[in-house]
Amino acid sequence: MPKTIIISNRLPIKVQRTENGLAYETSEGGLATGLGSIYKTDDNIWIGWPGTFFTDAAEQDQVTKDLSEQSMQPVFLTESEIRDFYEGFSNETLWPSFHYFSQYAVYDDSYWEAYQQVNRKFCQAVMEHAQPGDTIWVHDYQLLLLPALVREKLPDSTIGFFQHIPFPSFEVFRLLPWREQILLGMLGADLVGFHTYDDARHFLSSVSRIVGWSITQSLIDNGNRQIMVDAFPMGIDYEKYASLAASEEMKEKLTEYREALHDQKVMLSIDRLDYSKGIPQRLRAFELLLHEHPEFREKITLFMLVVPSRDQVEKYRELKETIDELVGRINSSYRTITWNPIQYFYRSFPIEELSALYALADIALVTPMRDGMNLVCKEFVASKLDQKGVLILSEMAGAARELSDALLINPNDLGKLVQAMREAMVMPEEEQKLRIQHMQAIIKHYDIHHWVNIFMNRLEYIKLKQMSMATQYLSAEERDELLEAYRKANQRILFLDYDGTLTSFTNNPQHASPDEELLQVLGCLAQEENNKVVIISGRDRATLEEWLGHLDVDIIAEHGVWGRARGKEWQMLHQLSSGWKKEIRPILELLVSRTPGSFIEEKDYSLVWHYRKVDPGLGELRARELSNHLQYLASNINLQVMEGNKVLEIKNVEVNKGLAALNWLEEHPPGFLLGIGDDRTDEDMFKIMPKEAYTIKVGSKRSLARFNVDNTKEVRLLLQAMCAVEE
Ligand code: GDG
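No experiment lies behind these values; they were computed from the predicted model shown.

Enquirer: Would you mind going over the overall build of the chain in detail, with residue names and values included?
Expert: Looking only at helices and strands, the chain has 25 helices and 29 strands in total. Based on the C-alpha atoms only, the size of the chain along its principal axes is roughly 105 × 65 × 45 Å. Within the chain, the proportion of its 727 residues that are buried is 55%. Within the chain, residue pairs in contact and separated by at least 24 positions form 70% of the contacts whose partners lie at least 6 positions apart. About 31,400 Å² of surface is accessible on the chain, with carbon and sulfur atoms providing 48% of the total. In the chain, 78 side chains carry a positive charge and 108 a negative one; their mean positions are 3 Å apart.

Next up, the structure:
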């Protein structure tokens, strides 16, 4: 039975050594709580660190045995690995960078070394348990390299990756010295998921600028595999929180707490200790509230739970001190004999206790500076059975996209935060109910089960899509068939595109002249008397003649404006005019002056705007702008605007490779027909070819061609094999 393998840095269970032997407890944190509740042990395995160092072999065996009964597999990490990989690279490099705290980021090669090494260790653990057909689901920023490591070992596997923290804008991400390796690591997955569309957008922009793979909408294409990128806002186990809040035990607890608090309102704040959560800012705003609104003193208590986390990291220790000082200052300034403004707890609580606090709180204060999603605010809303309560939520939390009925604030704007607290204190019950109701409907629908289903669904979809494209890939058998058909036929025509098909792209088109290997294989095919080799290109005739004119080949230039049979003169294939250039050229010139790196190429009957060297993003933007502008102008003067690979070409409508190729086919109907090309203009050629022709697209983009090959190298190998058939 194929299974799902979940891999995260931490297992959802924490193993601890106690006086009575090993103890197994649930781990805290968003990922563990979220996924823990959907994790069914029978058809899954969960691989991760058990939370404690075990070096003794007997102890390791015991932990492995105990955990495997719950379908978990431990990865044992050493103290130095945790120091450099986890506290170091993960929490001192990636965490601050991804949360827009680049000033806190440490760039240390030894951390990076450890990060790579531990990712390899996780890969080894996956290899020990993965079977063909399994789905591999990698989680979060500690394992960014794992998808590619697994892909290398199991090329056909189904791999999903989900990042629980934000993905920063390119301007921030580019600061990381290891940015390219990190992206390539993530791109080993088939589906890369984030909480919000903005994170997905930032990731796509970094991939385009740093790795340079082509991107159409949310699909990345690396030439042989498509990778989907999408937003999957994570939900919570709604029923769990709603039913915890409804239990008898909870009702009793609530009555007890209410009596102790008299008529005071409760404001609740729950986070792991982290500078991204905005805890000091929240405290300062609370202090300002008490200062500016004396009427609220003794009427409100802030319950602040800070769960210990990463306290070995310097920045976290400093943060803890700041929080301690602020709480001390506020309490000592405002407390009375019967009232303490802040009830501060630095420890973790059992979930029943959290649930009681959610149910008790009148106001939840969730004001991170940056948060991938934030589950605390969703848990608060789900626990409000009487629908009374107000959520104050930071715009910088992923959850703000869904919870627009909260009081949304910018956590840097203390004035607005105080205003929101005041509004929450006096909000009429009717309004509270309306807002909570709306939010509950959303959280209930988009719960954790929905999240898992949608993610798995998309993963399955992209895999199927890849497979349907893979069937077009020219297999070894089909290649043999092609060679056999070629061998048997008397009349053969081979239409070969030039750039991107016979040679790879270069920044300067004039540098793509044919090399010795290419000239040799073309020469070999052309000298065979049954063959007609036709180079069918968008290039100008002078260049093609200079580069290939000495071979025994026919040439079609400028996408079919000109044709030249071997040894003959150039002929115009259609009667064309070029009067329109006067009107269009100034538009292109203006564009070049606005777009550094771009240039105009003038051919006899077309104008081409090249933007390969333009800043990625800007080039595409300008091309779209130009295309829209010209589409309108062009249709009036019988022109077409064609988008190629980083080029936009304007030419007469009659010009197309298909119409040009027809001239050859009508004149010499072949027994064997081959067409190879890589871009949109080659589709016109594939379109007019009979079904049984061997049409081949270079690259994995959708095409009218029957087959795909990966790159120009494979094209050359095929042509060389055809050459060898004759020998
Ligand atoms: C990361 C991202 C993203 C808290 N205190 C206790 C306790 N918790 C539980 C809460 C909640 C979870 O921990 C915290 O989740 P968050 O989402 O708020 O934050 P992170 O831990 O930073 O999580 C975050 C998340 O991953 C999921 O993708 O939302 O943006 O940073 O579930 O209830 N649980 C228990 N005792 C506590 O004292 N038992």
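Enquirer: Before we move on, could you go through helix 18 (residues 476-488) and cite the residues and values that matter?
Expert: The first and last C-alpha atoms of helix 18 sit 19 Å apart over 13 residues, in line with the 18 Å expected at 1.5 Å per residue. Where helix 18 is concerned, the buried positions are Leu482, Leu483 and Tyr486. Projected onto a plane normal to the axis of helix 18, the buried residues spread over an arc of 95° and lie on a single side. Residues of helix 18 that are exposed and angled more than 90 degrees away from the buried face: Glu477 and Lys488.

Enquirer: Can you lay out the site of the ligand for me, pointing to particular residues and giving the numbers?
Expert: Close to the ligand lie 22 residues, the nearest being His164, Phe349, Asp371, Asn374 and Glu379. In this structure, His164 approaches the ligand through a side-chain N or O atom, which is 2.5 Å from an oxygen atom. Between an oxygen atom of the ligand and a side-chain N or O atom of His195, the distance comes to 2.9 Å. Within the complex, the protein chains bury 93% of what would otherwise be the 740 Å² of accessible surface of the ligand. Secondary-structure elements contributing two or more residues to the shell around the ligand are helix 1 (30-36), strand 12 (265-272), helix 13 (351-360) and helix 14 (376-382). Counted by class, the shell around the ligand contains 10 nonpolar, 8 polar and 4 charged residues. Split by domain, the residues of the shell around the ligand number at least three in each of domain 1 (4-231) and domain 2 (238-445).

Enquirer: Break down the domain arrangement of the chain for me, citing the residues and quoting the values.
Expert: Its domain assignment divides the chain into domain 1 (4-231), domain 2 (238-445), domain 3 (472-574 + 655-726) and domain 4 (581-652). The distance between the C-alpha centroids of domain 2 and domain 3 comes to 68 Å.

Enquirer: Any chance you could break down empty space enclosed by the protein for me, citing the residues and the numbers?
Expert: If you walk through the whole model with that rule in mind, you get 4 cavities of 30 Å³ or more. In this structure, the largest cavity occupies an estimated 460 Å³ of space. Taken together, 32 residues line the largest cavity, and the ones lying closest to its centre are Asp499, Phe505, His610, Asn645 and Val647. The set of elements that each furnish at least two residues to the lining of the largest cavity consists of strand 23 (599-602), strand 24 (606-610), strand 25 (639-643) and strand 26 (647-652). Considered class by class, the residues forming the lining of the largest cavity number 8 nonpolar, 11 polar and 13 charged. Three or more residues apiece are contributed to the lining of the largest cavity by two domains, here domain 3 (472-574 + 655-726) and domain 4 (581-652).

Enquirer: I'd like a description of the sheet that holds strand 18 (residues 492-496), backed by residues and values.
Expert: One open sheet accounts for 8 strands, arranged 22-21-20-19-18-27-28-29; its pairing is mixed. This sheet does not close on itself; its edge strands, each paired only once, are strand 22 (571-572) and strand 29 (707-709). As defined by bridge partners, strand 19 (residues 531-536) adjoins strand 20 (residues 554-557) across 3 bridges and the pair is classed as parallel. When the sheet's bridge partners are listed, Val534 is paired in strand 20 with Asp554. Helix-sheet contacts for helix 19 (residues 516-526) involve strand 18 and strand 19, and the interaxial angle to strand 19 is about 140°. Its contacts with the sheet place helix 23 (residues 657-667) against strand 18, strand 19, strand 20, strand 21 (562-564) and strand 27 (672-677), and it is angled at close to 160° to strand 18.

Enquirer: Explain the packing of aromatic side chains to me, and be specific about the residues and the numbers.
Expert: The tally for this structure, following the rule as stated, stands at 34 aromatic pairs. Ring centres 6.2 Å apart and planes at 15° place the aromatic pair Tyr694 and Phe707 in the stacked group. Residue Tyr694 is located in strand 28 (residues 694-698), and its partner Phe707 is located in strand 29; the two are separated by 13 residues in the primary sequence. Judged on exposure class, the residue Tyr694 and its partner Phe707 are both buried. Among the aromatic residues, those joined into a ring-pair cluster are Phe85, Phe89, Tyr107, Trp112, Tyr115 and Trp178. Between Lys320 and the ring centre of Tyr346, over which it is positioned, the NZ or CZ distance is 4.4 Å. A cation over an aromatic ring shows up here: Arg492 above the ring of Tyr486, its NZ or CZ 4.0 Å from the ring centre.

Enquirer: I'd like to hear about the packing of helix 11 (residues 279-292) against helix 15 (residues 414-426), residue by residue, with values.
Expert: Viewed as axis vectors pointing N to C, helix 11 and helix 15 meet at an angle of 65°, and their least axial separation amounts to 9 Å. The two elements helix 11 and helix 15 cross, and the hand of that crossing is right-handed. Between helix 11, through Gln281, Arg282, Arg284, Ala285, Phe286, Leu288, Leu289 and Glu292, and helix 15, the contact on the second element is made entirely by Leu414, Leu417, Val418, Met421 and Arg422. A breakdown of the residues in the contact of helix 11 with helix 15 according to their chemical character gives 8 nonpolar, 1 polar and 4 charged.

Enquirer: Account for unusual backbone geometry, naming residues and giving values.
Expert: Its identity is not glycine, yet Ser71 carries a phi of approximately 55°, on the positive side. The residue Ser71 is located in the loop between helix 2 (57-68) and strand 5 (72-74) in this model. At Asp140, a residue that is not glycine, the phi angle is positive and equals roughly 75°. For Asp140, the position within the fold is in the loop between strand 6 (135-139) and helix 5 (146-153).

Enquirer: Describe the packing of helix 23 against helix 24 (residues 680-688), naming the residues involved and giving the relevant values.
Expert: In contact at an axis separation of 7 Å, helix 23 and helix 24 are set at 40° when each is read in the N-to-C sense. Classified by the angle their axes make, helix 23 and helix 24 are oblique. Judged by the sense of rotation from one axis to the other, the crossing of helix 23 with helix 24 is right-handed. Of the residues in helix 24, those touching helix 23 at Lys657, Gly658, Ala661, Leu662 and Leu665 are Thr681, Asp682, Asp684, Met685 and Ile688. By residue class, the composition of the contact of helix 23 with helix 24 is 5 nonpolar, 2 polar and 3 charged.

What counts as what
- Residues numbered from 1 in each chain as written.
- Predicted model: local features only at pLDDT ≥ 70, side-chain atom pairs only at ≥ 80, totals over all residues.
- Heavy atoms only, no water.
- Helix = DSSP H or I, 4+ residues; strand = E, 2+ residues; numbered from the N terminus.
- Buried < 20%, exposed > 50% of the residue type's maximum accessible area, 1.4 Å probe, protein only.
- Contact = heavy atoms within 4.5 Å.
- Areas by Shrake-Rupley, 256 points an atom, 1.4 Å probe, with all protein chains shown as cover.
- Lys, Arg positive; Asp, Glu negative; His and termini not counted.
- Charge placed at Lys NZ, Arg CZ, Asp CG, Glu CD.
- Expected span 1.5 Å × (residues − 1).
- Arc of directions from axis to C-beta.
- Near = heavy atom within 4 Å.
- Polar contact = N/O pair within 3.5 Å; in protein donor to acceptor, adjacent residues only side chain to side chain.
- Nonpolar A, V, L, I, M, F, W, Y, C, P; charged D, E, K, R; others polar.
- Domains from an automatic or database assignment.
- 1 Å grid on protein atoms, 1.4 Å probe; cavity = no way out; pocket = protein on both sides within 12 Å on 5 of 7 lines; lining within 4 Å.
- Points joined across faces, edges and corners; volume = space filled by probe spheres on them.
- Pairing = 2+ DSSP bridges.
- Axes fitted to C-alpha atoms, helices over the stretch in contact; angles between N-to-C directions.
- Phe/Tyr/Trp six-rings, centres within 6.5 Å; stacked < 30°, edge-to-face > 60°.
- Lys NZ or Arg CZ within 6 Å of the ring centre and 35° of its normal.
- Left-handed = near helix turned anticlockwise from the far one by under 90°.
- Parallel < 35°, antiparallel > 145°, perpendicular 65-115°, else oblique.

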